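# Structural overview
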Amino acid sequence: MDTATGQPWFLRKHEDGSVFGPLAFEQLSDWAATARVAPADSISADQITWSKAPMLPELGMDWLVEITSERYYGPTTVGAVHEFVRLGEITADTTLINTCDGTRHKVAALEPETIPPLVYEMTDAMPSPSPIAIDLADRIRDLEQSLAEERRALRESEERYRMLEIRYRELLEQTASDGTLR
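Right, let's talk about the pairing of strand β2 (residues 19-23) for a bit. If a strand is regular, its side chains alternate between the two faces of the sheet. Across three bridges, strand β1 (residues 9-12) lies against β2 in antiparallel orientation. Within β2, the residue paired with Arg12 across the bridge is Val19. If you look at the hairpin formed by β1 and β2, you'll find six residues sitting between the two strands, and Gly17 has a positive phi there, around 75°.

This is the structure in structure tokens:
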């Protein structure tokens, strides 16, 4: 869509509501390709009507990163995926899902996207990369909670086992003393 590339854009960060812009589409696209635009961030051409960044097809935010079989990050760009690999947040064996056609790919199988070098110096007027770590922190909390529940269930099972073992020994003693089982 020519209107997407020919107009200024504004980016509103989901985490803190900070707004960047006006931006040329090329700059917004560069930011999306380098993980500076997160899936929950909003974009606008007029600062009145905002939509989620992945809703602008020209940004190419077409990929979901499968963190676990139940947790996903995205949609995001192939360039952002490569940035996450570079930062050590995911590996080349991580599975990606193309949201356009539903196909699944390993990161290693994708050709690196041609990302034009940023011609903008990193300044306070530029958002920092949006790491997957936000979702990983949630996943860590979920796993810690699951672990706590599993430990509780294990303690309950061990206590039940001890009670059954005591009852079993009592029955053995009764059987040995009078030759009958009650």
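The antiparallel open sheet is built from four strands, whose spatial order is β6-β5-β7-β8. Two strands bound the open sheet, and with one partner strand each, they are β6 (72-76) and β8 (104-106). Between one strand axis and the next, the sheet turns by 25° as a mean value, whatever way the strands run. Sheet topology note: the strand β7 (residues 95-98)/β8 ladder contains three bridges and is antiparallel. For Ile97, the partnering residue across the bridge sits in β8 and is Arg104. Helix α3 (residues 78-86) rests against β5 (63-66), β6 and β7 of the sheet, and its axis sits at about 135° to β6.

Before going further, it helps to examine the pattern of salt bridges. Applying the stated criterion to the full structure yields seven salt bridges. Two residues, Arg86 and Glu83, come together in a salt bridge whose shortest N-O distance is 2.7 Å. Pair noted here: Arg86 and Glu83 are both in helix α3, with a separation of three residues, about one helical turn.

Cut-off values and rules
- Residues numbered from 1 in each chain as written.
- Predicted model: local features only at pLDDT ≥ 70, side-chain atom pairs only at ≥ 80, totals over all residues.
- Heavy atoms only, no water.
- Pairing = 2+ DSSP bridges.
- Helix = DSSP H or I, 4+ residues; strand = E, 2+ residues; numbered from the N terminus.
- Axes fitted to C-alpha atoms, helices over the stretch in contact; angles between N-to-C directions.
- Contact = heavy atoms within 4.5 Å.
- Salt bridge = Lys/Arg side-chain N within 4 Å of Asp/Glu carboxyl O.

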